[in-house]
Amino acid sequence: QKEVEQDPGPLSVPEGAIVSLNCTYSNSAFQYFMWYRQYSRKGPELLMYTYSSGNKEDGRFTAQVDKSSKYISLFIRDSQPSDSATYLCAMSSFSGGYNKLIFGAGTRLAVHP
Amino acid sequence: DTGVSQNPRHKITKRGQNVTFRCDPISEHNRLYWYRQTLGQGPEFLTYFQNEAQLEKSRLLSDRFSAERPKGSFSTLEIQRTEQGDSAMYLCASSFYLAAPWETEAFFGQGTRLTVV
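Report follows, based on the coordinates. Please read these numbers as outputs of a predicted model, since none were measured by experiment. (Residues numbered from 1 in each chain as written. Chains lettered and ligands numbered in written order. Predicted model: local features only at pLDDT ≥ 70, side-chain atom pairs only at ≥ 80, totals over all residues. Heavy atoms only, no water.)

**A word on the overall build of chain B**
Looking only at helices and strands, one finds 0 helices and 13 strands in chain B. In sequence order, chain B lays out its α and β elements as β-β-β-β-β-β-β-β-β-β-β-β-β. Taking 117 residues into account, the globule formula puts the C-alpha radius of gyration at 13 Å, and chain B, at 14 Å, falls close to it. Each of the three principal axes of chain B carries a C-alpha extent, and together these read 40 × 30 × 30 Å. By residue count, 46% of the 117 residues in chain B fall in the buried class. Counting contacts in chain B only where the partners sit at least 6 residues apart, residues at least 24 apart contribute 54% of the total. (Helix = DSSP H or I, 4+ residues; strand = E, 2+ residues; numbered from the N terminus. Rg over C-alpha atoms; globule rule 2.2 N^0.38 Å. Buried < 20%, exposed > 50% of the residue type's maximum accessible area, 1.4 Å probe, protein only. Contact = heavy atoms within 4.5 Å.)

**Here's the deal with the sheet that holds strand E8 (residues 75–79) of chain B**
Residue and element names in this part refer to chain B. Across the sheet, 4 strands lie side by side as E1-E3-E8-E7; this open sheet has antiparallel pairing. At either margin of the open sheet sits one strand with a lone partner, and together these are strand E1 (5–7) and strand E7 (65–68). Adjacent strand axes in the sheet meet at a mean angle of 15 degrees when their direction is disregarded. By the bridge criterion, 4 bridges tie E7 to E8 in an arrangement that is antiparallel. Looking at E8, one finds that Ala-67 is bridged to Leu-77. (Pairing = 2+ DSSP bridges. Axes fitted to C-alpha atoms, helices over the stretch in contact; angles between N-to-C directions.)

**So, the sheet that holds strand E3 (residues 19–25) of chain A**
All names here are of chain A. Spatial ordering of the open sheet is given by E1-E3-E8-E7-E6, a layout of 5 strands whose pairing is antiparallel. In this open sheet, the two strands that pair with only one neighbour each are strand E1 (4–6) and strand E6 (54–58). Neighbour-to-neighbour, the strand axes of this sheet turn through a mean angle of 15 degrees, independent of strand direction. In the sheet, E6 pairs with strand E7 (residues 61–66) via 5 bridges, with the strands oriented antiparallel. Bridge pairing in E7 links Gly-54 to Val-65.

**Some details on the interface of chain A and chain B**
Counting from both sides, the interface comprises 19 residues of chain A and, opposite them, 22 residues of chain B. For the pair chain A and chain B, the summed buried area comes to about 1700 Å², and 51% of that belongs to carbon and sulfur atoms. Contact with chain B buries area across many residues of chain A, yet Arg41(A), Asn99(A) and Lys100(A) alone supply 32% of it, more than any other trio. Taken together, the links from chain A to chain B amount to 1 salt bridge. Between Glu56(B) and Lys100(A) there is a salt bridge, with the nearest N and O atoms lying 2.5 Å from each other. (Buried area = accessible area lost by both parts, 1.4 Å probe. Salt bridge = Lys/Arg side-chain N within 4 Å of Asp/Glu carboxyl O.)

**Comments concerning the state of the cysteines**
All chains considered together, the criterion is met by 2 disulfides over all chains. The partner cysteine of Cys23(A) in its disulfide is Cys89(A), sulfur to sulfur 2.0 Å. Because the torsion about its S-S bond is -100 degrees, the bridge between Cys23(A) and Cys89(A) counts as left-handed. Of the two residues, Cys23(A) sits in strand E3 while Cys89(A) sits in strand E9 (residues 85–93), which places them 66 residues apart along the sequence. Residue Cys23(A) is classed as buried on the basis of its relative accessible area, which comes to 1%. For Cys89(A), a relative accessible area of 0% puts it in the buried group. Shown here is the disulfide that connects Cys23(B) with Cys92(B), its sulfur atoms set 1.8 Å apart. Because the torsion about its S-S bond is -65 degrees, the bridge between Cys23(B) and Cys92(B) counts as left-handed. (Disulfide = S-S within 2.5 Å.)

**Notes on the packing of aromatic side chains**
Aromatic rings considered in pairs are described by the distance between their centres and by the relative angle of their planes. Residues and elements named next belong to chain A. Following the criterion strictly, the structure yields 18 aromatic pairs over all chains and no others. Each ring, one from Tyr-32 and one from Tyr-98, has its centre 5.0 Å from the other, and the planes form 90 degrees; the classification is edge-to-face. A residue pair is termed long-range when its members are at least 10 positions apart, and Tyr-32 in strand E4 (residues 30–38) and Tyr-98 in the loop between E9 and strand E10 (102–103) qualify at 66 residues. Of the two residues examined, Tyr-32 and Tyr-98, each falls in the buried class. The interplanar angle of 85 degrees and the centroid separation of 5.6 Å between the aromatic rings of Tyr-49 and Tyr-98 together place this pair among those described as edge-to-face. (Phe/Tyr/Trp six-rings, centres within 6.5 Å; stacked < 30°, edge-to-face > 60°.)

Right, here's the structure in full:
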């Protein structure tokens, strides 16, 4: 079993829809939770970062972490075609190092006009 | 260009050949990471440096792989006697680390796509 599980999709939604992306994990030592966006043939770029449990909002993006359930989510409101990409969840622990990241497999998202 | 730069962008090699990739991090960043990403998967951690010191290597990094960061600036990743299973995107990332737990996010380069035929 992988440390981080993420449904690879693909997920196809119409423009303007609310998108929900999720990951589950097994390692209770994870404290840092990130969401990266990766366009085709590009490197990942950090979208959202959350430390421990709670919610964080940035524009159209909201990240949620539920450590008790070992479950994290990313919500995208008013989705746009430019949001079409692969979304990767990633996690790390204090002892392992902030940027020694364990990634999920990524969810491919397509937002169609 | 102030981002992380990786060269070459693409490399096709025959099985058994040696290949070397280069990563130039963001200039003020003292940590440099290597990840490998296969098709349909997320990146997997391989190794990282703080300045010129290699602090950790993943079990994924077999004896055929070696990474260096000789002057604490650019880094190279060499794969000897390549195998078809080495075909992947090799990603480099850099960050600035001050002291635990204070470290900036890792900025990724665009990767080197390796195809072993």
